[in-house]
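# Residue-level structural notes
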Amino acid sequence: MSTSVIALLHGPDKPGLVAKTAGWIHQRGGNVLHADQHLDLDENIFFQRVEWQPSSDRELDEEMQSFRQLVEGELGMQLRLARSDYRLRVAFMVTKEDHCFHDLALRHRAGELDADLIGVLSNHDLLSDVADTYSLPFVHIPVTKDSKAEAEARQLDWLAENKIDLLVLARYMQVLSPEFLEKVGCPVINIHHSFLPSFAGAKPYHQAHKRGVKLIGATAHFVTQDLDEGPIIEQDVARVSHRHGTKELIERGRDLEKLVLAAAVRRHLQHRVLVYGNKTVVFD
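Residues numbered from 1 in each chain as written. Predicted model: local features only at pLDDT ≥ 70, side-chain atom pairs only at ≥ 80, totals over all residues. Heavy atoms only, no water.

In spatial order, the strands read 7-6-5-8-9-10-11; together these seven strands make up an open sheet with mixed pairing. Looking at the sheet topology across the chains shown, the edges are occupied by strand 7 (138-140) and strand 11 (232-239). For this sheet, the mean angle separating the axes of adjacent strands, direction not counted, is 20°. Here strand 5 (residues 88-94) pairs with strand 8 (residues 166-169) via four bridges, running parallel. Each residue of the ladder has a partner; that of Phe92, found in strand 8, is Val168. Across the sheet, helix 8 (residues 246-269) is in contact with strand 5, strand 6 (115-122), strand 8, strand 9 (188-193), strand 10 (215-222) and strand 11; its angle to strand 10 comes to roughly 30°. (Pairing = 2+ DSSP bridges. Helix = DSSP H or I, 4+ residues; strand = E, 2+ residues; numbered from the N terminus. Axes fitted to C-alpha atoms, helices over the stretch in contact; angles between N-to-C directions. Contact = heavy atoms within 4.5 Å.)

Turning our attention to the pattern of salt bridges. Within this structure, the stated rule accounts for 19 salt bridges. One salt bridge in this structure joins Arg254 and Glu97, with 3.7 Å as the shortest N-O distance. Placement of the pair is Arg254 in helix 8 and Glu97 in the loop between strand 5 and helix 3 (99-109), with a sequence separation of 157 residues. Note that Asp103 and Arg107 form a salt bridge whose closest N and O atoms lie 2.7 Å from each other. With Asp103 and Arg107 both in helix 3, this residue pair falls four residues apart, about one helical turn. You'll find Asp103 and Arg107 in the same group, each marked buried. One network of salt bridges, with partners in common, ties together Glu97, Arg171, Arg254 and Glu257. (Salt bridge = Lys/Arg side-chain N within 4 Å of Asp/Glu carboxyl O. Buried < 20%, exposed > 50% of the residue type's maximum accessible area, 1.4 Å probe, protein only.)

We now examine the packing of helix 3 against helix 8. Running from N to C, helix 3 and helix 8 cross one another at 45°; their axes reach a closest spacing of 9 Å. Taken as axis vectors, helix 3 and helix 8 run oblique relative to one another. The handedness of the crossing between helix 3 and helix 8 is right-handed. Taken together, the residues of helix 8 that come into contact with helix 3 (itself represented by His99, Cys100, Asp103, Leu104 and Arg107) are Arg254, Glu257, Lys258, Leu259, Leu261, Ala262, Val265 and Arg266. (Parallel < 35°, antiparallel > 145°, perpendicular 65-115°, else oblique. Left-handed = near helix turned anticlockwise from the far one by under 90°.)

Residues Phe92, Phe101, Ile216 and Leu261 are the most contacted members of the largest nonpolar core, which totals 43 residues. Sequence-distant contacts of Leu261, that is, excluding residues within four places in its chain, are made with Cys100, Leu104, Val168, Leu169, Ala170, Ile189, Ile191 and Ala220. Membership of the second largest hydrophobic core comes to 20 residues, among which are Leu156, Leu167, Phe180 and Leu181. (Core = buried A, V, L, I, M, F, W, Y, C linked by side-chain atoms within 4.5 Å.)

With respect to the helices and strands, the residue Thr95 is situated in the loop between strand 5 and helix 3. Classification of Thr95 by relative accessible area gives buried; the value is 5%. As a C-alpha pair, Thr95 and Arg211 span 116 residues in sequence and 28 Å in three-dimensional space. Once residues within four sequence positions are removed from consideration, Thr95 is found in contact with Ser122, Asn123, His124, Leu127, Arg171, Tyr172 and Met173. At 2.8 Å, the side chain of Thr95 and the backbone nitrogen of Met173 are in polar contact. (Polar contact = N/O pair within 3.5 Å; in protein donor to acceptor, adjacent residues only side chain to side chain.)

Written out as structure tokens, the structure reads:
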């Protein structure tokens, strides 16, 4: 299939928005492949994701620039554009746990993630052999309280040198500083259990077991300077009971973390996630 253009747009709702975007594509000889929209009635904000295949005689850069003039100029909306033939460059950050790392790397090997995996950053060297298994460069940068600023500067240099488009925290157990997030230059996706703000700190599943919880879950979100409060991309839960010990809760929690993180990463790579305020619209 020829290269398609993907547009994510949002702004104040007004009559005829769908007709205007679809009509513009049709008039230029394009073919709409997918289209989805949502109206937030409370905020009166219109959201749309549209993907189309331009006419064969259209230059892609010119097509995208002309559509930008329509959306931002005439319609007064915000716009993000992508090309289907560009593979995002993705890096992982890990610490000691390997379940999310393995899962994403295997999904990539199986062709489920349409991206290029560039390498792995870690504050420990325990997973270097895992990275070798997938032929991924592994960069070990120790992080201590005294060396955090220097370590983050080295991490940022590596990310910039490798032109990373998406950073995935695959159970990276360090809090990224506001300075890091300000300079990273790409979206950052994190995964954690969904007990927060309950059972914060070490051994959350042990705490949950003692409390007798009936639901466990996982949340994938974009990282912001507000710890674990960034826009949520994906969540899931599983029921548990008094019959499940701590080990079973941990196993079920890890299964959820893998599924939720993979879904969030895949939807971002497919340009299906639109951030608005501190929440997201995720198009099917």
